[in-house]
Structures are given as structure tokens and as C-alpha cells.
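So the chains spell out like this:
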Amino acid sequence: MKYSKSLIPTLRETPSDAEVISHQLMLRGGYIRKVAAGIYTYLPLGFKVLKKVEKIVREEMENAGAQELLMPMVVTAELWGKSGRWDLYGKELLRLKDRHARDFCLGPTHEEVITELMGTEIRSYRDLPMNLFQIQTKFRDEVRPRFGLMRGREFVMKDAYSFHTTDEDAEREYMNMFEAYKRIFERCGLKFRAVEADTGSIGGSFSHEFVVLAESGEDAVASCDTCDYAANVEKAVAKSKRYLPPEEVTPQAIEKVSTPGKKAVDEVSAFMGVTEDKLAKTLIYLADGNAVVALIRGDHELNEIKLKNIMGCSELELADPETVQKVTKAPSGFAGPVGLKDVEIYADHAIEVMHNFITGGNEKDVHLKNVNRDRDFSVTGFYDLKTVVTGDECPRCEGKLEIHRGIEVGHIFKLGTKYSEAMGATFLDADGQEKPMIMGCYGIGVGRTAAAAIEQNNDDNGIVWPMPLAPYEVLITTLNPKDDEVRELSESIYSSLRKKGVEVLWDDRDERPGVKFKDADLIGIPVRVTVGARGIKEGKLEVKLRSEKDARAVATSEIADAIEGIIKNWTDKL
RNA sequence: CGGGGCGUAGCGCAGCUUGGUAGCGCACCUGCCUUGGGAGCAGGGGGCCGGAGGUUCAAAUCCUCUCGCCCCGACCA
């Protein structure tokens, strides 16, 4: 493709509303343009990158035995009613009406459609297993879209759904997808980790996220510095063994202490002259509207997702001041477990081994010293409620956990029968018994993968594409296209590369060299050949990799072969 | 949804406090010149100052409402 004929509107300055580097560079490099919040047009370069990701995903999915299909973007409310999600999904689901005032939504995911399809088309165990996928535009009306393609409202996603007759087979396919995903992200040239994840509202029994490591990521993952344990912090567990068995400590008499205006843990511990781990935080939550109490050690943070999962509720939020007043008979900041009635108390494992600790007194400006469990209060149970932090012990080995930030680009779930039961997707087994299909589902954010690649591969001058995702493999920079000799040599390199099947962008614009080099670095094509009068005189042209600082000089006659070699070298590495 | 901020040329911004001809840099067009890292000179085009209402002789500027966008939080396959 000739640059002079392409739509590549690069920007010298960074648009002010772009926060993260991938968003800035995609805008500046002429890859995307915003149409509305979280909704983008993919310009030719951006679209090419998207197609590169799609191609890798498609090939690996097909190699793994999945088949591609395409479901509609607009789905009926009726179908969503069958799974119960029309009422449950919330505002993220963009609902609309057609001219007959019938309800529809824009599909944020397609479990309903695919399960309905399989329910009607598949009757026998002989037809299973099956894994179907699509690459399609999804719409989720995010509360706060941000970071360009990393968190859009409209976005391209690969979603796959598998159907099985047995749990074992569903788990086999889960592992099959796990391996396929590893290959996909390896082929994309990304540094990533597969981590254990919370299943969230989608349900199901277990799940892994594929996370591209990047400081700008919205996810935090904990990983062990010794073994291969890695989990999203929503799910991550630290070793609880360290808290057991309880030390022998003589319980002392409980004591009221006046703590005027001291509410937060740091204030109370400073006031009392003790470390924060001598306190127990008492948090009042509303779980589906009912007040519950969570107890956690003063220096720990509660992981709300763990609490939510333990209670099995669908909504969990910190209680408002009125509720706190009602439950504890005190303003917030002075809650404690002692004397609480008619309320469930969920305590973290760390509380189990604490003695003579400090809690709120359930009275304004009062805390209690020398509180001991069983003697002074009892709990519903002890659970793992803590959010892990750097330095916690690995639950699997003697190593320590580290926290890294990352971008979730893929997520696989073993779903079970949640949707197949709700939607009546059953089959007859060999004994003539009707059973619900066991399902799995597997997603990859296509645009987000491209954005993640930029987050991981850029420098001060622009994008540094990994070869497999680059919109073009090679850029020919023709310094003076008005010089016949320069132009003709450029053209011959252009056509011989194309004959070899190399994807080439030829910068044939009549621009000053500085402009061309700046644009070249910005858009980030991996290989750049510079054709200028100087090189022709010397019989050698400059071939420079975007990822390397220095260029290499290659004899004019060997340019095409040398470049073919560079590209092949990349492919072989994968 | 709560808190904060911003809407002025394609992009980045000034002007608003104290009302009176709408500006700057980049980009764009023409010409000259220049050609290995975003050149130079000269000339030029482009704006309902987000929208609606109000105050005023007069509003980008003051007031009210509204829409959009961004950031923090809450939320989130």
C-alpha cells in the first residue's frame, strides 16, 4: 500500500482526553477515532491490527477443534428472560425497542442465544461434545468507559461455548482451551500469565483469566515468587497456616476506653499506642438489603468478593450511616462485635488467633480493650476474607506473593449447567435419560489484546509492534520520491517484497525526511527500509528494526531476501 | 450514581476575573526555497465560542437550565 493513498491521520500532539499510552498512541498514530464515549471507528491501520489478532485467534480455535459461527448482535428480551438475566443483568445491558415496541437488547455476551440454539438442534449424546465460537461486536453499557479500546462500550470479542455430556469432558475441553489460549497470546508476542479467577456473576465452578502484565492494567494479580501459583487478587488466597494454632494467651478483663473522634484504624491505633494488627475492624455491610457484619484484623483489607461468595448474595455494599446506627447503636467508626444481636458475624481467619485485642465499643467515642472471642462475642464462622498483599505467604509453597497489575485479555469458565438447565438445553444419554448439557465458555477481548500489546510495547517515539500484530510488516521510507533513481529503487523493492507475500507500506509521500521518520516511529511498523540518494551511492540501504536502536546496512540487491529472513526469524520464534 | 474539572478552527491551547473587532502554535491551501529525524520566508482559507433561555444598548465573557466529554470513587466475565 502506498502511504500517499492511505488514510493514516497522525497527530503531532496528544489529544487531551487520552489517559493511557495505548489510547494516546492509537489516536496519534491514526489507528482509531472516537465516535462517542467508549465507541470507536477503527481506521485502516487499526482495523488491520484487529484482523491480525482475529486471524491468530481463529486459527488456534479451529486447531483446537472449535467451529466458527455468527450470532446476532440484537437479541430478544424473551431469550434473556428465559435465563433470568433480563432482570438480573442491570444497566450494562443496553435495552431497546423495535417499531412494534417489542423489547430487545444489544448482546453483551451470547450464552442465551447459543444455549437456545444447542437446545433445539442437539438431542443425542452422539452429537456432543461441541465447541462453537464467534468473533463479534459486543455492547456493554459500561458505567465508565475509559482507556480507549481497553474498556470500551462497543468492542470486538471472541466468545466460545462448549457443550458436553459429562463433567470430565467439560474439564478436558477447559484444559484444551487453556492450552489454546496460551498459544494465542504467545503467538501475539505478549508477556502474560494465566491466573485463577473469581467466576463473578456469570457463575460456574472455576475459571482462569489470561492477564497481560502492564502497569496501566485495571486488574491486580498475585503471583508466587517461587512456584507457579497465580491468581487475581479478587480470588487470591494467602497461607492461613501462619495463624494456627492459637497461641496461649491469658485473657484479661475487658476495658472501656474513651477515644473521642478516633474512628479509623490508624487513628485508634496511634491513640492507643499499639500497632494496627492489635485491632479488629468491624465492617457493617448490606447483603441484598440485609445487614451483616464482617470482622477483619486492623491492618488487613477485606476482600468484598470473597465475602460476597461466602454469603451467596448478589448485591453487597458497605452499609449507610443509618444502618450502622441501627445495628451498632452508635455512629460509624465505633462498631465492634461485642453485644451485637440478631446479626450474622463473618470473621476472617486472622481473628481466630487474636487475643486481648481492640474493637469499637458500639458507643460514640468508645473502644474496648482486651476483647476475646467466645468469651465476649461469638461469630457465625471463620473464613478467608483478606485481600492479599505483597509479601503474604503463597498458599501452595513456602514462597512469597507479589502483586502485579495486568490487563485481562482472556477468560475461561467452566459453566456447568446453569444456562442449559434454565433454557432447557438437554440431550438423551446412552441410557435414554434426559440430561442438561454441561457447558464451558471462553472469551477473548480482541481490541483489548491489541491495546495490551501497545501497553507492553512502546517507547518515547511511539508504538513498537510485535511482528504478528503489526498492521504492516515492513515500511519503505523513500526520502526523496522526486528523484527518479530513488523512486525507481523504492518501487522495485516494494514490488519484490510484495511478490514474496510481505505486507508492505510504502511511504512515497513528498514530505521532509524528519516527518517521515517521526510518523514511522509513531505507527510502529517493525521493519523500516530507508531509500535515499546516499544509500544508492553506497550501494547499501539502511534496514532498521523498530525494536532496535541501530540500523544495519544491507546491499541493495539483497534487501528483499534480508527482510524476508527477518520476518521468518520472527515467525520461527513462535 | 456521588465528588471534581473541561467544552473557543482538525489537534493543543489563550481570551472569561473587570461584557465592546475571536486570538496563538501546529495542521491545511498557494508560491518560493529546502530534502537523512516533525525546516524557512511570503500570502491565504477555516469559528453559531457545545446547545437553549435570561440579564444588558451590547454576551465567548454574567445568570439559569441542558447536552457532551474527562478524572477520582462506587460498579464491572
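Residues numbered from 1 in each chain as written. Chains lettered and ligands numbered in written order. Predicted model: local features only at pLDDT ≥ 70, side-chain atom pairs only at ≥ 80, totals over all residues. Heavy atoms only, no water.

1. A short note on the overall build of chain A
- From N to C terminus, chain A includes 16 helices and 31 strands.
- For the C-alpha atoms alone, the extent of chain A along its principal axes is close to 95 × 65 × 50 Å.
- Within chain A, buried positions represent 52% of all 574 residues.
- Considering only contacts within chain A whose residues lie at least 6 apart along the sequence, 69% involve residues at least 24 apart. (Helix = DSSP H or I, 4+ residues; strand = E, 2+ residues; numbered from the N terminus. Buried < 20%, exposed > 50% of the residue type's maximum accessible area, 1.4 Å probe, protein only. Contact = heavy atoms within 4.5 Å.)

2. Looking at the pairing of strand 14 (residues 280-287)
- Within strand 14, 7 of the 8 residues are buried, which leaves the element mostly enclosed by the surrounding structure.
- By the bridge criterion, 8 bridges tie strand 14 to strand 15 (residues 290-297) in an arrangement that is antiparallel. Bridge pairing in strand 15 places Ala-287 opposite Asn-290.
- Between strand 14 and strand 15, which pair antiparallel in sequence order, lie 2 residues; one of them, Asp-288, sits at a positive phi of approximately 50°. (Pairing = 2+ DSSP bridges.)

3. Focus on the domain arrangement of chain A
- Domain boundaries assigned for chain A yield domain 1 (46-237 + 403-455), domain 2 (241-383) and domain 3 (472-573).
- Each of domain 1 and domain 2 has a C-alpha centre, and these two points are 38 Å apart.
- At the junction of the two partners, domain 1 supplies 6 residues and domain 2 supplies 4 residues.
- Of the roughly 340 Å² buried at the junction of domain 1 and domain 2 (both faces included), carbon and sulfur atoms supply 42%.
- At the boundary of domain 1 and domain 2, one finds 0 salt bridges.
- The interface formed by domain 1 and domain 2 holds 4 residue pairs in polar contact (both at pLDDT 80 or more) in total.
- A breakdown of the residues in the side of domain 1 that touches domain 2 according to their chemical character gives 3 nonpolar, no polar and 3 charged. (Domains from an automatic or database assignment. Buried area = accessible area lost by both parts, 1.4 Å probe. Salt bridge = Lys/Arg side-chain N within 4 Å of Asp/Glu carboxyl O. Polar contact = N/O pair within 3.5 Å; in protein donor to acceptor, adjacent residues only side chain to side chain. Nonpolar A, V, L, I, M, F, W, Y, C, P; charged D, E, K, R; others polar.)

4. Topic: the pattern of salt bridges
- The final tally for this structure, using the stated rule, is 46 salt bridges.
- The partner of Glu-60 in a salt bridge is Arg-183, and the shortest N-O contact between them spans 2.9 Å. With Glu-60 in helix 2 (residues 44-63) and Arg-183 in helix 6 (residues 167-187), this pair connects stretches of sequence that are 123 residues apart.
- Look at Glu-60 and you get buried, because its relative accessible area is 6%.
- When the shortest N-O distance is used, the salt bridge between Lys-97 and Asp-103 registers 2.8 Å.
- The class for Lys-97 is exposed, based on a relative accessible area of 56%.
- Several salt bridges share partner residues, and in doing so they unite Lys-55, Glu-59, Glu-60, Arg-183 and Arg-187 into one network.

5. A closer look at the sheet that holds strand 28 (residues 504-507)
- Taken together, 5 strands build an open sheet; the order of strands is 28-27-29-30-31 and the sheet is mixed. Looking along the sheet, the strands with just one partner apiece sit at the ends: strand 28 and strand 31 (552-555). Put simply, the sheet's adjacent strands are angled 25° from each other on average, direction ignored. (Axes fitted to C-alpha atoms, helices over the stretch in contact; angles between N-to-C directions.)

6. Considerations on the packing of helix 2 against helix 12 (residues 446-456)
- Viewed as axis vectors pointing N to C, helix 2 and helix 12 meet at an angle of 110°, and their least axial separation amounts to 9 Å. In this view, helix 2 runs roughly perpendicular relative to helix 12, as classed from their interaxial angle. When helix 2 is examined against helix 12, the residues Val-49, Leu-50, Val-53 and Glu-54 are found in contact with a partner set consisting of Val-446, Gly-447, Thr-449 and Ala-450.
- Here the residues of the contact of helix 2 with helix 12 are counted per class, giving 5 nonpolar, 2 polar and 1 charged. (Parallel < 35°, antiparallel > 145°, perpendicular 65-115°, else oblique.)

7. Here we look at empty space enclosed by the protein
- Inspection of every chain in the model, using the stated rule, returns 2 cavities of 30 Å³ or more.
- For the largest cavity, the calculated volume is near 60 Å³.
- Around the largest cavity, the lining residues are Leu-475, Ala-520, Asp-521, Ile-525, Val-527, Arg-528, Lys-544 and Arg-546.
- If you list the elements that add at least two residues to the lining of the largest cavity, you get helix 14 (513-523) and strand 29 (527-531).
- Of the residues in the lining of the largest cavity, the class split is 4 nonpolar, no polar and 4 charged.
- Counted as a void, the second largest cavity has a volume near 50 Å³.
- It is helix 2 that provides the largest number of residues to the lining of the second largest cavity, a total of 3 residues. (1 Å grid on protein atoms, 1.4 Å probe; cavity = no way out; pocket = protein on both sides within 12 Å on 5 of 7 lines; lining within 4 Å. Points joined across faces, edges and corners; volume = space filled by probe spheres on them.)

8. With respect to a negative patch on the surface
- Together, Asp-484, Glu-485, Glu-488 and Glu-491 give the surface a local cluster of negative charge.
- If you trace the backbone, Glu-491 turns up in helix 13 (residues 484-499).
- Residue classification places Glu-491 among the partly exposed positions, given a relative accessible area of 37%. (Patch = residues over 30% accessible without salt bridge, like charges linked within 9 Å, V, L, I, M, F, W, Y side chains within 5 Å. Areas by Shrake-Rupley, 256 points an atom, 1.4 Å probe, with all protein chains shown as cover. Lys, Arg positive; Asp, Glu negative; His and termini not counted. Charge placed at Lys NZ, Arg CZ, Asp CG, Glu CD.)

9. Side note on the nonpolar core
- Judged by nonpolar contacts, the single largest core of 61 residues is most densely connected at Tyr-31, Tyr-181, Phe-185 and Trp-465.
- Two domains each provide a minimum of three residues to this core, namely domain 1 (46-237 + 403-455) and domain 3 (472-573).
- Among all residues touching Trp-465, those that are not within four sequence positions of it are Tyr-31, Val-49, Ala-450, Ala-453, Ile-454, Ala-470, Pro-471, Ile-523, Gly-524 and Pro-526.
- Judged by nonpolar contacts, the second largest core, of 25 residues, contains Met-118, Phe-413, Ala-425 and Cys-441. (Core = buried A, V, L, I, M, F, W, Y, C linked by side-chain atoms within 4.5 Å.)

10. Considering unusual backbone geometry
- Of note, the amide linkage connecting Leu-128 to Pro-129 takes the cis form, showing an omega dihedral of 0°.
- When you line up the elements, Pro-129 lands in the loop between helix 5 (111-121) and strand 7 (130-139).
- Even without a glycine there, the phi angle at Asn-362 is positive, about 55°.
- Relative to the helices and strands, Asn-362 resides in the loop between strand 18 (357-360) and strand 19 (366-371).
- Residue class for Asn-362 comes out buried when judged on its relative accessible area of 12%.

11. Brief notes about the packing of helix 2 against helix 6
- Viewed as axis vectors pointing N to C, helix 2 and helix 6 meet at an angle of 150°, and their least axial separation amounts to 9 Å. Classified by the interaxial angle, the pair formed by helix 2 and helix 6 is roughly antiparallel. Crossing of helix 2 over helix 6 shows right-handed handedness. Two secondary-structure elements touch here, helix 2 through Ile-56, Val-57, Glu-59, Glu-60 and Met-61 and helix 6 through Met-177, Ala-180, Tyr-181, Arg-183, Ile-184 and Arg-187.
- When the residues that make up the contact of helix 2 with helix 6 are grouped by side-chain class, the tally is 7 nonpolar, no polar and 4 charged. (Left-handed = near helix turned anticlockwise from the far one by under 90°.)

12. Things to note about the packing of aromatic side chains
- A complete count under the given rule lists 12 aromatic pairs for this structure.
- Geometrically, the ring pair formed by Tyr-174 and Phe-206 is edge-to-face, given 4.7 Å between the ring centres and 75° between the ring planes. Placement of the pair is Tyr-174 in helix 6 and Phe-206 in strand 10 (residues 206-213), with a sequence separation of 32 residues.
- Its relative accessible area of 1% is what places Tyr-174 among the buried residues.
- With relative accessibility at 29%, the residue Phe-206 sits in the partly exposed group.
- Counting every residue linked through ring pairs, the aromatic cluster contains Phe-178, Tyr-181, Phe-185, Phe-192 and Phe-210.
- We note Arg-95 situated over the ring of Trp-86; from NZ or CZ to the ring centre the distance is 4.7 Å. (Phe/Tyr/Trp six-rings, centres within 6.5 Å; stacked < 30°, edge-to-face > 60°. Lys NZ or Arg CZ within 6 Å of the ring centre and 35° of its normal.)

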